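Here is what each chain is made of, one letter per residue.
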Amino acid sequence: MASSARGITAMDKDRSDSLAQMHLVKILRAYILQMVTEVPGYKALLLDKDTMRVSSTQFGRTELAEHNVVQIERLDSNDSKEHLELKAVCFLRPTRENVTMLKRELREPRYQSYHLCKCVEVSSCVRKVA
C-alpha cells in the first residue's frame, strides 16, 4: 500500500510540474503580447539570440503581424538599413553583450523610437520547458 501511495505522489508531482510548465508558457505569451500591443503603430521586434528562440516558439510571423509587428530582427545582425517608420520593441536579456550592442544601436538609431523590455530568468526557464 505504501508503494502505491508513493506512486501517486510521484504522479501528482509530475502532473504539477507539467502544469507549472504550461503556466510558464502562458505567462511568456502574455508578456510578449503585452510588449507588442502597448506600443501603437507599426513596429519591429528587436531580439537577442535567446529571446529570439523564446518568441519563435510562442508566435508565428502571421500572429505577430496581427499586432502590427512587421519586422523581426536580431540585435546582433549587421543590417544597417533604417526603418524610421517603425518603432522598435526590444526584448533583450540584460547581459553585458546586449547592453554594448544596444548602445551601438542607439548611437545611430535606425528606428523611430525604442521601447525596452527585459528578460531576466525567463530564457533559462523556457529551456527547461522546451
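These numbers come from a predicted model, not from an experiment.

How each quantity is defined
All residue numbers here refer to positions counted from 1 along the written sequence of the relevant chain. Local features in this predicted model are restricted to residues whose pLDDT is 70 or higher, and side-chain atom pairs enter the listing and the counts only when it is 80 or higher, whereas totals over whole chains, interfaces and linings include all residues. To obtain the side-chain values, all non-hydrogen atoms of the structure were included, while hydrogens and water were left out. Throughout, a disulfide means two cysteine sulfur atoms within 2.5 Å of one another. Whether a residue is buried, partly exposed or exposed follows from its accessible area with a 1.4 Å probe, protein chains only, as a fraction of its type maximum: under 20%, in between, or over 50%, in that order. Secondary structure is summarised from DSSP: a helix means a run of H or I of at least four residues, a strand means a run of E of at least two, and numbering begins at the N terminus for each. Taking the helix axis as origin, the arc is that swept by the directions to the C-beta atoms. For this analysis, a polar contact is any N or O atom pair within 3.5 Å, provided that within protein one partner can donate a hydrogen and the other can accept it, and provided that sequence-adjacent residues contribute only side-chain to side-chain pairs. When a carboxyl oxygen of Asp or Glu lies within 4 Å of a side-chain nitrogen of Lys or Arg, that pair is called a salt bridge. We call two residues in contact whenever any of their non-hydrogen atoms come within 4.5 Å of each other. Expected helix span is computed as 1.5 Å times (number of residues minus one). A pair of strands counts as paired when DSSP detects no fewer than two bridges linking them. Note on handedness: a clockwise path from strand one over the helix to strand two, with the strands aimed away from the viewer, defines a right-handed crossover. Fitted lines through C-alpha atoms give the axes, limited to the stretch in contact for helices. The angle between two N-to-C directions lies from 0 to 180 degrees.

Asks: Would you take a moment to explain the state of the cysteines for this structure?
Replies: Put plainly, a disulfide is one covalent bond tying together the sulfur atoms of two cysteines. Going through the model one piece at a time under the given rule, you end up with 0 disulfides. With no disulfide of its own, Cys90 lies closest to Cys117 among cysteine sulfurs, the gap being 7.7 Å. The class of Cys117 is buried, set by a relative accessible area of 19%.

Asks: Please clarify how helix H2 (residues 49-58) should be interpreted in this entry.
Replies: It helps to recall that an α-helix has 3.6 residues per turn; residues three or four apart then point in one direction. All of the buried residues in H2 are Asp50, Thr51, Val54, Ser55 and Gln58. Seen along its axis, H2 keeps its buried residues to an arc of 125 degrees; they face one direction. The opening residue of H2, the one whose side-chain oxygen lies 2.9 Å from the backbone nitrogen of Asp50, is Asp48.

Asks: Is there a simple way to explain the pattern of salt bridges in this structure?
Replies: In a structure, side chains of opposite charge can pair up when their charged atoms sit close to one another. A full pass over the atoms with the stated rule returns 7 salt bridges. A salt bridge links Asp50 to Arg53, with the shortest nitrogen-to-oxygen separation between them at 3.3 Å. Taken together, the positions of Asp50 and Arg53, both in helix H2 and 3 residues apart, correspond to about one turn of that helix. The closest approach of N and O atoms between Asp50 and Arg93, which form a salt bridge, is 2.9 Å. Highlighted residues: Asp50 in helix H2 and Arg93 in the loop between strand S3 (83-92) and helix H4 (96-107), separated in sequence by 43 residues. Of the two residues, Asp50 and Arg93, neither departs from the other in class, the shared state being buried.

Asks: Would you mind going over the environment of Ala88 with me for this structure?
Replies: Assignment of secondary structure puts Ala88 in strand S3. Put simply, Ala88 and Ile72 are 16 residues apart on the chain and 9.5 Å apart in space, counted from C-alpha to C-alpha. Setting aside chain neighbours within four positions, we find Ala88 in contact with Ala44, Tyr111, Ser113, Tyr114 and His115.

Asks: What is the right way to look at the environment of Val36 in this model?
Replies: Tracing the chain through its elements places Val36 in helix H1 (residues 2-38). Judged by its relative accessible area of 0%, Val36 is buried. In this view, Val36 contacts Lys43, Leu45, His67 and Val69; residues no more than four positions away in its chain are not counted.

Asks: Sorry if this is basic, but what is going on with H4 here?
Replies: With 12 residues, H4 ought to run about 16 Å at 1.5 Å a step, and its terminal C-alpha atoms sit 17 Å apart, in line with that. Among the residues of H4, those classed as buried are Asn98, Met101, Leu102 and Glu105. Projected down its long axis, H4 carries its buried residues within an arc of 100 degrees, all on one side. Turned more than 90 degrees away from the buried face of H4 sit Arg96 and Arg107, all of them exposed.

Asks: Hey, could you run me through the pairing of strand S4 (residues 111-118) in this one?
Replies: A regular strand places its side chains on the two faces of the sheet in alternate fashion. Both S3 and S4 contribute to a ladder of 7 bridges, which runs parallel. Within S4, the position partnered with Val89 by the bridge is His115. In the classification by handedness, the crossover that spans S3, the intervening H4 and the parallel S4 is right-handed.

Asks: Just to check I follow, could you spell out the sheet that holds S4 for this structure?
Replies: Consider a sheet: its strands pair through backbone hydrogen bonds, and that pairing is either parallel or antiparallel. Strands sit in the order S2-S1-S3-S4 across an open sheet of 4 strands; the sheet is parallel. In the strand order of this sheet, the two ends are held by strand S2 (69-74) and S4, each with one partner. Put simply, the sheet's adjacent strands are angled 20 degrees from each other on average, direction ignored. For strand S1 (residues 43-47) and S2, the ladder comprises 5 bridges, and the chain directions are parallel. Each bridged residue has a counterpart across the sheet, and for Leu45 the counterpart in S2 is Ile72. Along the sheet, H4 contacts S3 and S4; its crossing angle with S4, the most-contacted strand, is approximately 165 degrees.

Nothing here speaks to function; it is all geometry.
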